[in-house]
Amino acid sequence: MTRQGIALVLSAPSGAGKTTLVKRLQQEFPGFAYSVSCTTRPPRAGEVDGKDYHFLQRAEFERRRAAKQFAEWAEVHGNLYGTPLDPVKQTLRQGTDLLFDIDVQGAAQLKLSLAEAVFVFILPPGLDELERRLRGRGLDDEASIQRRLANARQEMAASRWYDALVVNDDLDQAYDQLRAVYLAATLAPARNPGLVDALLTR
Ligand code: ADP
Ligand code: 5GP
């Protein structure tokens, strides 16, 4: 019997360095699949439809939501985001490990429906540094930066229930911690394949 894949759920306030850490993890472990979310947010420069996100019009997102096609969904920074359910089930069933990049509201939903997932929250070293990183990466306009900073406090306060907290101060150290959490999960006893079937739709 194939072992069920590991679901590694990452959350962080925008700008904390999650994308940077995810890229490293995928470089080191190319077998990792990435759960491509749907979003109503317009693509940023360089983002590829179907790879970074499935970019949808709001009406289409709402149609899929009504059809119960999402494992979880949430409104984040004024846009809708959701995790398509079928690819999650298929990927985990075939024994492939799967990485999720979702916000705290979505992670809390998955915690209820995908009990064996591993939940990691990435924190910036402080709010000042978070602001520097958001500005430094040069992807968001001023209104968007302000909204992301305002949300950061709330998101960080909601992080206490995660399995692991990783402070991304020194990038190499943060990566080593994230990697250790993943490697520990791969050593855990075989997971029950039936649990994927219990995944609820929302
Ligand atoms: P997120 O995906 O969490 O929004 P990014 O990975 O895009 O964040 O990182 C935001 C910015 O901070 C990027 O410019 C990135 O290069 C930078 N960054 C990431 N980690 C660190 C770190 N440990 N120290 C300094 N800068 C970092
Ligand atoms: P960004 O627009 O910067 O790519 O992402 C904004 C926020 O939305 C991040 O916190 C990211 O983790 C979250 N996000 C991305 N995809 C999903 C998803 O499918 N569901 C939920 N709940 N949040 C998501």
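If you're wondering where the values come from, they're calculated on a predicted model, not measured in any experiment.

Notes on the domain arrangement of the protein
Often, the extent of an interface is quoted as the loss of accessible area on bringing the components together. Here the domain parsing of the protein yields domain 1 (1-33 + 96-201) and domain 2 (35-95). Here domain 1 and domain 2 have C-alpha centroids that lie 16 Å from each other. Tallying the contact residues gives 33 residues for domain 1 and 22 residues for domain 2. Across the domain 1/domain 2 interface, buried area totals approximately 2300 Å², and carbon plus sulfur atoms make up 56% of it. One can count one salt bridge joining domain 1 with domain 2. Linking Arg-44 and Asp-140 is a salt bridge whose minimum nitrogen-to-oxygen distance equals 3.5 Å. The tally of links from domain 1 across to domain 2 stands at seven residue pairs in polar contact (both at pLDDT 80 or more). Elements supplying a minimum of two residues to the side of domain 1 that touches domain 2: strand 7 (98-101), helix 4 (104-113), helix 6 (142-157) and helix 8 (194-197). Residue classes in the side of domain 1 that touches domain 2 are distributed as 13 nonpolar, 10 polar and 10 charged.

About the cut-offs
Residues numbered from 1 in each chain as written. Chains lettered and ligands numbered in written order. Predicted model: local features only at pLDDT ≥ 70, side-chain atom pairs only at ≥ 80, totals over all residues. Heavy atoms only, no water. Domains from an automatic or database assignment. Contact = heavy atoms within 4.5 Å. Buried area = accessible area lost by both parts, 1.4 Å probe. Salt bridge = Lys/Arg side-chain N within 4 Å of Asp/Glu carboxyl O. Polar contact = N/O pair within 3.5 Å; in protein donor to acceptor, adjacent residues only side chain to side chain. Helix = DSSP H or I, 4+ residues; strand = E, 2+ residues; numbered from the N terminus. Nonpolar A, V, L, I, M, F, W, Y, C, P; charged D, E, K, R; others polar.

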